[in-house]
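Chains, contacts and geometry: an overview
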Amino acid sequence: MALYSETVMDHFRHPRNVGVIEDADAVGEVGNAKCGDIMKMYMKITDGIIEDVKFETFGCGSAIASSSMATELIKGKPLEEVRKLTNKAVAEALDGLPAYKMHCSVLAQEAIEAALNDYEQKQKQ
Ligand code: FES
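Within any chain, residue numbers begin from 1 and follow the written order of that chain's sequence. Where local features are concerned, this predicted model is filtered to residues with pLDDT of at least 70; where side-chain atom pairs are given and counted, the filter is 80 or more; whole-chain, interface and lining totals use all residues. Excluding hydrogens and water, the side-chain values take into account all heavy atoms of the structure.

What about the sheet that holds strand 2 (residues 38–46)?
Put simply, the rule is: One bridge is not enough; two strands pair if DSSP finds at least two bridges between them. To qualify as a helix, a DSSP run of H or I must reach at least 4 residues; to qualify as a strand, a run of E must reach at least 2; elements of each kind are numbered from the N terminus. To get an axis, fit a line to the C-alpha atoms, keeping to the stretch in contact for a helix; angles then go from 0 to 180 degrees between the N-to-C directions. When checking whether two residues touch, look at their non-hydrogen atoms; a contact exists if any pair is within 4.5 Å.
Strand order in this open sheet of 3 strands is 1-2-3, and the pairing throughout is antiparallel. Each having just a single partner strand, strand 1 (26–31) and strand 3 (49–58) make up the two edges of the open sheet. With direction set aside, neighbouring strand axes in the sheet form an average angle of 15°. Examined bridge by bridge, strand 1 and strand 2 share 6 bridges and lie antiparallel to one another. When the sheet's bridge partners are listed, Val-30 is paired in strand 2 with Met-39. Helix-sheet contacts for helix 5 (residues 102–124) involve strand 1, strand 2 and strand 3, and the interaxial angle to strand 1 is about 140°.

Quick word on helix 2 (residues 61–74)
Put simply, the test is: In this analysis, the expected span of each helix is defined as 1.5 Å times one less than the number of residues it contains. Each residue gets one of three labels from its accessible area relative to the maximum for its type: buried under 20%, exposed over 50%, partly exposed in between, using a 1.4 Å probe on protein chains only.
In this model, helix 2 (14 residues) spans 20 Å end to end at C-alpha, consistent with the 20 Å of a helix rising 1.5 Å per residue. Three or more residues of helix 2 are buried, namely Ser-62, Ala-63, Ile-64, Ala-65, Ser-66, Ser-67, Ser-68, Met-69, Ala-70, Thr-71 and Ile-74. Looking at the packing, one finds that the buried side of helix 2 touches helix 1 (6–13), strand 2, strand 3, helix 3 (79–83), helix 4 (87–93) and helix 5. Residue Gly-76 follows helix 2 closely and has a positive phi angle near 80°.

Next up, the structure:
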């Protein structure tokens, strides 16, 4: 069996939603101290819906595929739903990740959480 699913390879080779949103309403950046990979998530939020989302990932193929899939999963979704997205759901949508690569999907979940926290902080100002 191949180490990576076709879906992982597809999102790694053709990542969706790569880039920066200049006037983002929310930005979240996280890193994994062990592997050194970094993920940054930008969101445009209107009326409690993720209108647009983009990411920049300096990391491994699984991290890129996870970010790409995560953005696809949350685009157009309400914030309450996005808050509940787990790294497991990201990995499942990718048709699985090898066990030692699960932390790459955790990075995607954490980047989303960081962006949502940033959004909440800005709302309070
Ligand atoms: Fe670190 Fe994939 S090896 S995020």
